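Commentary on secondary and tertiary structure
This is what each chain is made of:
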Amino acid sequence: MSDLAKRLAALAPEKRALLERMIKEEPQQNEKGSKKERQQAIPGPYETYDVVILGGGLAGLTLALQLKQTRPETRVLVVEKNQHPVPEAAHKVGESTVEVGAHYYGVVLGLKEYIRSWQLPKFGLRYFFTVGDNRDIARRFEVGATFFPPTPSYQLDRGRFENDLGERVRSLDVPFWDSSKVTDVILDDEQHFVTVERDGAERHLAARWVVDATGRVGMIKRRLGLVKDVTHKANAVWFRITGRVDLDEWSDDPRWQASPTTGKRWFSTNHLMGKGYWVWLIPLASGATSVGIVVDAYLHPYNRISGREKAMAWLWQYEPQCAQAVEERLHLLQDFHALRHYAYSCERVYSAERWCLTGEAGAFADPFYSPGSDFIALGNTFITDLITRELAGEEIRERLEYYNQTYLNTFETFLPAYDQQYPIMGNPRVMTPKVVWDFAVYWAYIGMVFFHRKYCDLEFLASLSGEAERFAQLSSRMQHLFHEWSELEPPAQLSGSFDILKLKLLYQLNLELITPFSDEALREKIVQNLALCEDIAVEMFRQATRCLPQPLPEGPLNPYAISLKPERWEADGLFSPPAQRPVSPAVIDDLKILWEAGTPAEVAPANGQAVMERPSVEPVEAYS
């Protein structure tokens, strides 16, 4: 070993990593200084565009559509490795949308009528908590609305949707190269260069902007060393089955059949919940059902679910009623996919060097609240604004840095809602308030700003910078509270149901997403929403402290200092400003129905129901 190698090996890991990065970056700096040599190394001739989008999936195609709608003269090219049309149903995961993503597709992109005609309406998010051995859906505690929320969301067949998006961008004179592979990207000063294999030949492209929409491949992110790990560790498998898997049909109990949600549950994103896991059931307009298993990596190791047979064995152990419904249809299985440690972040998503990352090419947190389309909506909106301004000659560096930080801050605010929270999923007394909180804070700020198209209004956002910071602080504090609460309150097994939109505060927050506001009224509404969320936080904290041996003193509380560690209350400032006002009586009264929801469940099978046995079935081919 040389002296230099010995010296490198002796460095602390962080110093060695820094040195290695500097060594990697030095050639790039030298390349920038030898522009003539680099230009000579780039093959030609090449086709020139304003924007080349690497990846023609959901993020890339919607970005192309938004760019052309915003600035029709923009020369955009989309390069996609898959052949179009892609299969319906068995294409990509990510079928469920929530309000921000649904609004982006339906209103911002003008696809509402298409979605209503060719996709499915969504009956909200719905949760069923464990009771006994989970062999009778009718005895499980159900959380979800009994009517469609005022603000719509959708279940999307990704294959059908992406096929239609491909045709739409082509109709706007956007070249959409499917069955094409990007083999090289050179990011340069004045324009970038992309090499594509298409129809057996190399095509050479030059572009002012390059946007990476390659999903988890993350071509630019990995090339530039921007991958950032997260502490959230979870795994997932999913598959699609031809036909309708409808849990309304899982019980003939008269009370179940008489429920106001019977006949509509199928339209929900249904979650079967237990400690450290959830199972999804999502309907698709093409006639298939998407089924997924999502687990905490520590409580349910990946090797327990990573293959089709393993996943079925896991379902029979934890969700046997679902397992039976799936196994009866295994001959209709369309695909099977597995993903380990799916969450990740990114150091940067937008650069003044005129490249951007969108969708899963940047960061991904968790599928539990279906946020994937929300981040596509936010990211594409920022990217469209940056590109159209820069192509018009505007200096965008300061705006770009603001958007980059806002996007990453939003991701960091979302992440604690999932990180270390999967154990709570088996505890309905804690998980139900958590769902209420997560809905409320999402609609109160992020939803309001996006629906009213203010994410690119820097003056408006600056006027609410303090409120935005407090929303983030409050959200973080509440996620810690739910984690502590679940450790102190033993999981209960409940029956009955809770209509989440019977909480007036939630219904009002959802309705106000589609209510017009002037700028001044919107600003005031968001300030009021922060006060509302502070009241919800304090009232949930009071409920949680019932687990403690000592009572909580009466009087106003600081919502930014709540915890279930009484020894920290004084030091953290629980009884100090901004504990300046009592909780609104309306909030206290509204949340009473949350605390009263559910009744203790009988653990024995109801009505003498026979125990399910796994049926004997013919083996089917493995799917990959």
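Not measured: the values here are computed from a predicted model.

Inspection of the secondary structure assignment puts aspartate 335 in the loop between α11 (320-327) and β16 (337-339). For aspartate 335, a relative accessible area of 4% corresponds to the buried category. Considering only alpha carbons, one finds aspartate 335 and arginine 308, 27 residues apart in sequence, at a separation of 9.7 Å. Within polar-contact distance, the side chain of aspartate 335 engages the side chain of histidine 337 at 3.2 Å.

Right, let's get into the packing of aromatic side chains. The relative placement of two aromatic rings is captured by the distance of their centres and the angle of their planes. Within this structure, the stated rule accounts for 33 aromatic pairs. Each ring, one from tyrosine 105 and one from phenylalanine 161, has its centre 5.3 Å from the other, and the planes form 75 degrees; the classification is edge-to-face. Taken together, the residues span a long stretch of sequence, with tyrosine 105 in helix α5 (residues 99-108) and phenylalanine 161 in helix α7 (residues 158-171) at a distance of 56 residues. When sorted by exposure, tyrosine 105 lands in the same class as phenylalanine 161, which is buried. For the ring pair phenylalanine 375 and phenylalanine 414, a centre distance of 5.0 Å and an interplane angle of 70 degrees mean the geometry is edge-to-face.

Counting residues in each nonpolar core, the largest one holds 159 residues, and the members touching the most others are Ile53, Tyr127, Tyr350, Trp437, Ile500 and Leu506. The dominant element in this core, judged by the number of residues it contributes, is helix α14 (residues 428-451), at 17 residues. If we ignore the near neighbours within four places in the chain, the residues touching leucine 506 are Val436, Phe439, Ala440, Trp443, Ile500 and Leu501. Within the second largest apolar cluster, 29 residues are counted, among which are Trp250, Leu272, Ile293 and Val295.

For leucine 511, the position within the fold is in helix α17 (residues 504-512). Residue classification places leucine 511 among the partly exposed positions, given a relative accessible area of 27%. Not counting residues up to four positions away in its chain, the partners in contact with leucine 511 are Pro150 and Thr151.

Summarising the model, the protein shows a mean pLDDT of 91, and 90% of its residues fall at 70 or more. Counting contacts from residues 605-624, a segment whose pLDDT is below 50, to residues more than four positions away or on other chains yields 31 contacts.

By way of backbone hydrogen bonds, the strands of a sheet pair with one another, either parallel or antiparallel. Spatially, 8 strands are ordered β16-β12-β15-β14-β13-β4-β5-β21 in an open sheet, and the strand pairing comes out mixed. Both outer strands of the open sheet, β16 and β21 (497-498), are each paired with one neighbouring strand and no more.

Burial analysis of strand β15 (residues 288-296) places 9 of its 9 residues in the buried class, the great majority of the element. The alternating pattern of β15 places Ala288, Ser290, Gly292, Val294 and Asp296 on one face and Thr289, Val291, Ile293 and Val295 on the opposite face, and all of these are buried. Of the pairings in the sheet, the one linking strand β14 (residues 277-283) to β15 comprises 7 bridges and is antiparallel in character. Paired with tryptophan 278 across the strands is valine 294, a residue of β15. Linking two consecutive strands that pair antiparallel, namely β14 and β15, is a turn of 4 residues; a positive phi of about 100 degrees is found at glycine 287 within it.

What follows concerns the side chain of lysine 233. Along the polypeptide, lysine 233 turns up in the loop between β11 (227-228) and β12 (234-242). What lysine 233 contacts, discounting residues up to four positions off in sequence, is Asp296, Ala297, Tyr298 and His341.

A word on the packing of helix α12 (residues 372-391) against helix α13 (residues 397-414). One way to put it is that α12 packs onto α13 with a least axis distance of 10 Å and a crossing angle of 175 degrees. In terms of their interaxial angle, α12 and α13 are classed as roughly antiparallel. Note on element contacts: α13 touches α12 through Arg399, Leu400, Tyr403, Thr406, Tyr407, Thr410, Phe411 and Phe414, opposite Phe375, Leu378, Gly379, Phe382, Asp385, Leu386 and Arg389. In terms of residue class, the contact of α12 with α13 is built from 9 nonpolar, 3 polar and 3 charged.

Glancing now at the side chain of serine 475. Mapped onto the elements, serine 475 comes out in helix α16 (residues 465-488). When neighbours within four sequence positions are excluded, serine 475 is seen to be in contact with Thr413, Trp437 and Val441.

All right, on to α12 then. Its 20 residues give α12 an end-to-end C-alpha distance of 28 Å, which sits within 8% of 28 Å, the value for a rise of 1.5 Å per residue. Taken across its 20 residues, α12 has 17 buried, putting it largely inside the fold. Looking at the residues trailing α12, positive phi occurs at glycine 393, about 95 degrees.

A few words on α14. Taken as a whole, α14 carries its principal kink of about 40 degrees at tryptophan 443. Burial runs high along α14: 23 of the 24 residues are buried. Downstream of α14 by one or two residues, arginine 453 has phi in the positive range, about 55 degrees.

Parameters and conventions
- Residues numbered from 1 in each chain as written.
- Predicted model: local features only at pLDDT ≥ 70, side-chain atom pairs only at ≥ 80, totals over all residues.
- Heavy atoms only, no water.
- Helix = DSSP H or I, 4+ residues; strand = E, 2+ residues; numbered from the N terminus.
- Buried < 20%, exposed > 50% of the residue type's maximum accessible area, 1.4 Å probe, protein only.
- Polar contact = N/O pair within 3.5 Å; in protein donor to acceptor, adjacent residues only side chain to side chain.
- Phe/Tyr/Trp six-rings, centres within 6.5 Å; stacked < 30°, edge-to-face > 60°.
- Core = buried A, V, L, I, M, F, W, Y, C linked by side-chain atoms within 4.5 Å.
- Contact = heavy atoms within 4.5 Å.
- pLDDT = per-residue confidence, 0-100.
- Pairing = 2+ DSSP bridges.
- Axes fitted to C-alpha atoms, helices over the stretch in contact; angles between N-to-C directions.
- Parallel < 35°, antiparallel > 145°, perpendicular 65-115°, else oblique.
- Nonpolar A, V, L, I, M, F, W, Y, C, P; charged D, E, K, R; others polar.
- Expected span 1.5 Å × (residues − 1).
- Bend = angle between axes of the 7 residues up to and from the residue.

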